[in-house]
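Secondary and tertiary structure notes
Single-letter residue listing:
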Amino acid sequence: MHSFPISLRADSTTYVYKYEGSKKTADTLTIFYEREFRYKGDCGFVVNANKPRDGRTHRSTFKKVEVRYGTYITPNSWEVGAQDTSTGIYVEIKE
């Protein structure tokens, strides 16, 4: 399991996986999400990355990818840093 950052400047982030010493030189994976900005009083703004409304979750050269979306923020209170298993975007590369 690895953690990777996402861009908050766009509704997608692309990752390039490079291979050394292999016939295959690289794979790419683009994750799509919809940014949701909310004003939280004196704290300024908080942002969440949700599943896109159009349903497109990824584009990849990997054969099989699954993407699941959790929240980065506790939904009812909009507090930053919900620390449970539903936090963030989870990607499983199967092949």
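Residues numbered from 1 in each chain as written. Predicted model: local features only at pLDDT ≥ 70, side-chain atom pairs only at ≥ 80, totals over all residues. Heavy atoms only, no water.

1. So, the pairing of strand β4 (residues 45–50)
Heads up, the rule is: Strands are labelled as partners when DSSP assigns at least two bridges between them. Secondary structure elements are defined from DSSP: runs of H or I of at least 4 residues count as helices, runs of E of at least 2 residues count as strands, and each element is numbered from the N terminus.
Summarising the sheet, strand β3 (residues 34–39) and β4 pair through six bridges and their orientation is antiparallel. The partner of E34 across the bridge, within β4, is N50. As consecutive antiparallel partners, β3 and β4 are separated by five residues, and within that stretch G41 has a phi angle of approximately 55 degrees, a positive value.

2. Things to note about the pattern of salt bridges
Note the following rule: One side-chain nitrogen of Lys or Arg within 4 Å of one carboxyl oxygen of Asp or Glu is enough to make a salt bridge. Three exposure classes are used, based on accessible area relative to the maximum for each residue type with a 1.4 Å probe and protein chains only: buried under 20%, partly exposed in between, and exposed over 50%.
Tallied over the entire structure, the rule returns seven salt bridges. Residues K24 and D27 are paired through a salt bridge, measuring 3.1 Å at the closest nitrogen-oxygen approach. Of the residues examined, K24 reaches a relative accessible area of 43% and is grouped as partly exposed. For the salt bridge of R38 with E36, the shortest nitrogen-to-oxygen distance reads 3.1 Å. Residue R38 is classed as partly exposed on the basis of its relative accessible area of 37%.

3. Digging into the side chain of N48
To keep things clear, this is the line we draw: Here a polar contact is taken to be a pair of N or O atoms separated by no more than 3.5 Å, where protein atoms must pair a possible hydrogen donor with a possible acceptor and residues adjacent in sequence count only if both atoms sit in side chains.
Of note, N48 is situated in strand β4. Here N48 falls in the buried class, since its relative accessible area comes to 6%. For N48, the side chain forms a polar contact with the side chain of N50, separated by 3.2 Å.

4. Digging into the packing of aromatic side chains
Each aromatic ring pair is characterised by the separation of its centres together with the angle its planes make. What counts is decided by this rule: Aromatic pairing here means that ring centres of Phe, Tyr or Trp (its six-membered ring) are within 6.5 Å. Orientation follows from the plane angle: under 30 degrees is stacked, over 60 is edge-to-face, and everything else is tilted.
Per the counting criterion, the structure on display carries three aromatic pairs. Measuring from ring centre to ring centre gives 5.3 Å for Y17 and F62, while their planes differ by 75 degrees; the resulting arrangement is edge-to-face. Residue Y17 is located in strand β1 (residues 12–18), and its partner F62 is located in the loop between β5 (58–60) and β6 (65–69); the two are separated by 45 residues in the primary sequence. For F62, a relative accessible area of 12% puts it in the buried group. Consider the rings of Y39 and F45, whose centres lie 5.3 Å apart with planes at 65 degrees: the pair is edge-to-face. The exposure classification of Y39 matches that of F45, with both residues exposed.

5. Some details on the side chain of D27
Convention followed: Contacts: residue pairs with any heavy atoms within 4.5 Å of one another.
Within the secondary structure, D27 is located in strand β2 (residues 26–32). Those residues within four positions of D27 in sequence are excluded, and the remaining contacts are Y15, V16, Y17, Y19, T61 and F62.

6. What about the confidence of the model for the chain?
For residues with low pLDDT, the predicted coordinates do not support detailed interpretation. Here is the rule: Confidence of the prediction at every residue is given by pLDDT, a number between 0 and 100.
A residue-level look at the chain finds 84% of positions with pLDDT of 70 or above and a mean pLDDT of 83. Mean pLDDT values for the elements of the chain range from 50 in strand β8 (residues 79–80) up to 97 in β5. With pLDDT under 50 throughout, residues 80–84 is counted as low confidence; its partners more than four residues away or in other chains account for eight contacts.

7. A short note on the sheet that holds β1
Note the threshold: Fitted lines through C-alpha atoms give the axes, limited to the stretch in contact for helices. The angle between two N-to-C directions lies from 0 to 180 degrees.
The sheet built from three strands is open, its strands ordered β1-β2-β5 with antiparallel pairing. The open sheet has two free edges, formed respectively by β1 and β5, since each of these has just one partner strand. Ignoring which end each strand starts from, the neighbouring axes of this sheet average 10 degrees apart. Looking at chain direction, β2 and β5 are connected through three bridges and run antiparallel. Within the sheet, the bridge partner assigned to I31 lies in β5 and is H58.

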